[in-house]
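# Tertiary structure, described
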Amino acid sequence: MCIFCKIIRKEIPNKTILEDDNFLAFEDINPQAKVHILIIPKTHFDSFNTITPKIMGEMTTFIQKVASITEVSHSGYRLITNIGDNGGQEVKHIHFHLLGGEKLGGIL
Ligand code: AMP
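Quick look at the structure, then. Fair warning: this is a prediction, and the values are worked out from it, not measured in the lab. (Residues numbered from 1 in each chain as written. Predicted model: local features only at pLDDT ≥ 70, side-chain atom pairs only at ≥ 80, totals over all residues. Heavy atoms only, no water.)

On to the nonpolar core. Within soluble globular proteins, side chains that are nonpolar tend to cluster in buried spots. By size, the foremost hydrophobic cluster in this structure holds 19 residues, and its most contacted members are Ile39, Met59, Val66 and Leu98. Mapped by element, the contributors of at least two residues to this core are strand E2 (23-27), strand E3 (35-41), helix H2 (53-69) and strand E5 (96-100). Excluding anything up to four places from it in sequence, Met59 contacts Phe23, Ile39, Ile40, Pro41, Ile51 and Phe96. Among the nonpolar cores identified, the runner-up in size contains nine residues, and Cys2, Phe4, Ile7 and Ile8 belong to it. (Core = buried A, V, L, I, M, F, W, Y, C linked by side-chain atoms within 4.5 Å. Buried < 20%, exposed > 50% of the residue type's maximum accessible area, 1.4 Å probe, protein only. Helix = DSSP H or I, 4+ residues; strand = E, 2+ residues; numbered from the N terminus. Contact = heavy atoms within 4.5 Å.)

This is the structure we're talking about:
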């Protein structure tokens, strides 16, 4: 079982920001910004390649709530999902990185 599925099952501890029946948002263990939250669906999908439009749509609303709770909605933030080896994806359970709380360096 993947590490994020274990976090969902509470077999590995996490610092939860927001949770509902379908999604979990928790602090990244190795933050790359003052605010660095990971947002995952509770259903396992390996990456963005296989997530369904329905769950992706529902996750949009959930991510917007996380941005509001972490007070980055207005100051701005970055959403990243890494996909596969070339994309730098280490954990093979789709996750969005929400980064903010400070001016972020440019990568593009
Ligand atoms: P990625 O490289 O896009 O797959 O990102 C994986 C992210 O998961 C990294 O930013 C890690 O710091 C983070 N991570 C790995 N294990 C944990 C954990 N147990 N709790 C919180 N974050 C984790």
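Scanning all chains against the criterion turns up two aromatic pairs. Between Phe23 and Phe62 the ring centres are 5.4 Å apart and the planes differ by 35°, which places this aromatic pair in the tilted class. One end of the pair, Phe23, is in strand E2; the other, Phe62, is in helix H2, with 39 residues separating them in the sequence. Note on Phe23: relative accessible area 3%, which makes it buried. (Phe/Tyr/Trp six-rings, centres within 6.5 Å; stacked < 30°, edge-to-face > 60°.)

In this section: the sheet that holds strand E4 (residues 77-80). Here we have five strands laid out as an open sheet, ordered E1-E2-E3-E5-E4, and antiparallel in their pairing. Each of the sheet's edge strands pairs with one partner strand only, and the pair in question is strand E1 (16-19) and E4. The average undirected angle you get between the axes of adjacent strands in this sheet is 20°. Note: E3 against E5, five bridges, orientation antiparallel. From the neighbouring strand, Leu38 faces E5, where its bridge partner is His97. Contacts from H2 reach E1, E2, E3, E4 and E5 within the one sheet, and its direction differs from that of E3 by about 155°. (Pairing = 2+ DSSP bridges. Axes fitted to C-alpha atoms, helices over the stretch in contact; angles between N-to-C directions.)

Here we come to the pattern of salt bridges. For the structure shown, the criterion picks out five salt bridges. Across the pair Glu11 and Arg9 runs a salt bridge whose closest N-O atoms are separated by 2.9 Å. Given a relative accessible area of 51%, Arg9 falls into the exposed group. A salt bridge links Lys42 to Glu19; the shortest N-O distance between them is 2.8 Å. (Salt bridge = Lys/Arg side-chain N within 4 Å of Asp/Glu carboxyl O.)

The topology assignment puts Leu79 in strand E4. It is 9.1 Å that separates the C-alpha atoms of Leu79 and Gly100, two residues lying 21 residues apart in sequence. For Leu79, the contacting residues outside a window of four places in its chain are Ile63, Phe96, His97 and Leu98.

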